[in-house]
Amino acid sequence: MSKEKLEYKGEVPEKNGGVYSCDKVQLLFRLRYDTAQTLLDQIARQCWFECEHWESRRCGTYRNQFRIVCRDGNSYWLGVGLVMYGKGRPADNAKLEFNPNKVGRERSLLWLQDQLWSLCKVRDPCTLKQWDLACDWAQPREWYSLRKDARLYEETAYSRANRTQYVGARNAPGRCKLYNKQMEAGLDKPMTRLELTVPGLAAAAEVAALWPVVYRLADVQGSAEIAALNDTDRFIFATLLDAPDRITELGRRKRERMAALLEDARYRVEFDAAAYGKILRQVAQYCERPPANNPDALPRWEWQGVEPEWQPLECFPYERAQRVDKNRNVKGAGKDAE
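(A) Representation of the overall build of the protein within the structure. Tallying secondary structure elements over the protein gives 10 helices and 14 strands in all. Contacts in the protein between residues at least 24 apart in sequence constitute 63% of all its contacts with a sequence separation of at least 6. By element, 50% of the accessible surface of the protein is carried by carbon and sulfur atoms, the whole surface being about 20400 Å².

Right under this line is the structure:
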C-alpha cells in the first residue's frame, strides 16, 4: 500500500528545496554498578508492549538484546551489557538505537528512556555515539548522482531509478548513502534521500567536511547544444551523466567538449549549515534527562473496543493465586445440586 508522504518529527527545510531530519540515533548509557539486571527485570514485567529477546556471547556485542515492536509495525533496538574480552561479566552499560521519525513518539520508547536515566551514573550518564542526517528532495532518483572521492565507494544498480550509491566505511562516521526513497517507503510521489552518518554532536564545519559531492541534473535535454549532438555523442553524454568519472576515458578534444556540457547540465547540492544547526539542537535533547512524571511515558494498556483511556488499576506486583480446596468445592457443588 502506497503512502502520500513521509512522517517526520521536527523536520527543517533547507536552501536546496529539500528537508533535513534526524533518521537514526545511537545513545550509550553508563549504568550504575550491578543495575543492569534491574533494567532487565523491569522489561520482563511489562506486558503492554511487544518485544523480542535474544542473547549474544561474542565479544563486542551486547549480552541481552531486544527488538521492541510498535503498534504500527515499526521497531527499535536495545542492547544491555557489553561483552568485553577478558572480563568475567558484561559491562554495566546499555545502547539504545531508534529512528525519531518513526518511533520518536512511542510510549514504550519514552518509558524505556525513563528507566535508563533512573539507573544511570551521575557523571557522564548518556553519550550520543552517532546519528544519521537525512536529506530528502522531492525529485526522481535519476536527477541525482553521488560523486566518488577518496573514501570507499560502493554501488548497487538495477536500473536508473533503482540505484543506491555509498561513500565511506560501513557503520562509521562519514558514511553516505544516496537512494530512491520513493521505492523504499512506497510513496506516491518521487523522493530521493541522502543519509549522512554524523559523529556525536559534530559542529557544522565538521559535517561540511564530510558532505559528499552530490550533483543534481538540470533540465537541458531540450537545449540547442544537446539537440545538435549526433547519436554517438548523445550516447556518450548520457553515459557521463550517470558516471561522470568516465570522462577521463575520452580524448582531449572530446573530453573538453563534454566537460563543458556537463557543467551546464548539473549543479552541486550544497550543505545548509543553518538548517543543520536546528536539527543538531533537536538531537542534543536526547542526551538530556527527560522531565519527571511525563504522562506520555507512563505504562498504558491498549484495549481494542474499549475506551482508549481505559487501563487496569494495578498490573504488578504479581499476586499468588490462593489455594483452592477441591473437596470443599465438590461438597459445595453437591449441596447445590440437592
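(B) The arrangement of the nonpolar core in detail. Grouped together as the largest cluster of nonpolar side chains are 57 residues, with contacts concentrated most on F29, L78, L112, W131 and L133. Per-element tally for this core: the top contributor is strand 7 (residues 126-137), with six residues. The contact partners of W131, leaving out residues within four places of it in the chain, are C22, K24, V25, L196, T197, V198, G200, Y276, I279, L280 and V283. Within the second largest apolar cluster, 12 residues are counted, among which are L217, L229, I236 and L250.

(C) Highlighting the pattern of salt bridges. The final tally for this structure, using the stated rule, is 17 salt bridges. Among the salt bridges present, the one from R67 reaches E52, with a minimum N-O distance of 3.1 Å. With R67 in strand 4 (residues 62-69) and E52 in strand 3 (residues 50-55), this residue pair connects regions lying 15 residues apart in the sequence. When its relative accessible area of 30% is taken as the criterion, R67 is described as partly exposed. One salt bridge in this structure joins D149 and R151, with 2.8 Å as the shortest N-O distance. With relative accessibility at 32%, the residue D149 sits in the partly exposed group. With relative accessibility at 23%, the residue R151 sits in the partly exposed group. Where salt bridges share partners, they join D23, D136, R193 and E195 into one cluster.

(D) Up close: the state of the cysteines. Applying the stated rule across the entire model yields zero disulfides. With no disulfide of its own, C126 has C287 as its nearest cysteine by sulfur position, at a separation of 4.7 Å. Judged by its relative accessible area of 12%, C126 is buried.

(E) Region of interest: helix 3 (residues 107-118). With 12 residues, helix 3 extends 17 Å between its outermost C-alpha atoms, agreeing within 8% with the 16 Å of an ideal straight helix rising 1.5 Å per residue. R107, S108, L109, L110, W111, L112, Q113, Q115, L116 and W117 are the residues of helix 3 that are buried.

(F) Representation of the pairing of strand 13 (residues 214-217). The alternating pattern of strand 13 places V214 and R216 on one face and Y215 and L217 on the opposite face, and all of these are buried. Note: strand 8 (residues 144-146) against strand 13, three bridges, orientation antiparallel. Of the residues in strand 13, the one forming a bridge with S145 is Y215.

(G) Focus on the environment of P100. Along the chain, P100 turns up in helix 2 (residues 100-103). For the pair formed by P100 and K9, sequence separation is 91 residues and the distance between their alpha carbons is 6.5 Å. In contact with P100, not counting residues within four places along its chain, are K9, C22, D23, K24, V25 and Y286.

(H) Local environment of unusual backbone geometry. Not every positive phi belongs to a glycine, and D34 is a case in point at roughly 65°. Residues other than glycine seldom take positive phi values, yet N171 does so here, at roughly 55°. The class for N171 is exposed, based on a relative accessible area of 65%.

(I) Structural context of the environment of Q65. You can see Q65 is positioned in strand 4. Q65 sits in the buried class, given a relative accessible area of 11%. For the pair Q65 and V80, spaced 15 residues apart in the sequence, the C-alpha separation amounts to 6.4 Å. Those residues in contact with Q65, other than ones at most four positions away along the chain, are E52, H53, W54, S56, W77, L78 and G79. From its side chain, Q65 meets the backbone oxygen of Y62 in a polar contact 3.1 Å long. One polar contact links Q65 to W77, side chain to side chain, over a distance of 3.3 Å.

(J) Region of the structure containing the packing of helix 1 (residues 36-45) against helix 3. At a minimum axis distance of 10 Å, the contact between helix 1 and helix 3 shows a crossing angle of 155°. Compared by their axis directions, helix 1 and helix 3 come out roughly antiparallel. Along this stretch, helix 1 crosses helix 3, giving a crossing that reads as right-handed. Of the residues in helix 3, those touching helix 1 at L39, Q42 and I43 are W111, L112, Q115 and L116. The residue makeup of the contact of helix 1 with helix 3, split by class, is five nonpolar, two polar and no charged.

(K) Spotlight on the packing of aromatic side chains. In total, this model carries 11 aromatic pairs according to the counting rule given. Ring geometry for F29 and W117: centres 6.0 Å apart, planes at 85°, overall edge-to-face. Of the two residues, F29 is situated in strand 2 (residues 19-30) and W117 in helix 3; the sequence distance between them amounts to 88 residues. Neither F29 nor W117 differs from the other in exposure class; each is buried. One aromatic cluster is present, formed by Y20, W131, W211, F271 and Y276 through successive ring pairs. Note that K177 overlies the ring of Y179, its terminal NZ or CZ placed 4.4 Å from the centroid.

Reading the values: rules and limits
Residues numbered from 1 in each chain as written. Predicted model: local features only at pLDDT ≥ 70, side-chain atom pairs only at ≥ 80, totals over all residues. Heavy atoms only, no water. Helix = DSSP H or I, 4+ residues; strand = E, 2+ residues; numbered from the N terminus. Contact = heavy atoms within 4.5 Å. Areas by Shrake-Rupley, 256 points an atom, 1.4 Å probe, with all protein chains shown as cover. Core = buried A, V, L, I, M, F, W, Y, C linked by side-chain atoms within 4.5 Å. Buried < 20%, exposed > 50% of the residue type's maximum accessible area, 1.4 Å probe, protein only. Salt bridge = Lys/Arg side-chain N within 4 Å of Asp/Glu carboxyl O. Disulfide = S-S within 2.5 Å. Expected span 1.5 Å × (residues − 1). Pairing = 2+ DSSP bridges. Polar contact = N/O pair within 3.5 Å; in protein donor to acceptor, adjacent residues only side chain to side chain. Axes fitted to C-alpha atoms, helices over the stretch in contact; angles between N-to-C directions. Parallel < 35°, antiparallel > 145°, perpendicular 65-115°, else oblique. Left-handed = near helix turned anticlockwise from the far one by under 90°. Nonpolar A, V, L, I, M, F, W, Y, C, P; charged D, E, K, R; others polar. Phe/Tyr/Trp six-rings, centres within 6.5 Å; stacked < 30°, edge-to-face > 60°. Lys NZ or Arg CZ within 6 Å of the ring centre and 35° of its normal.

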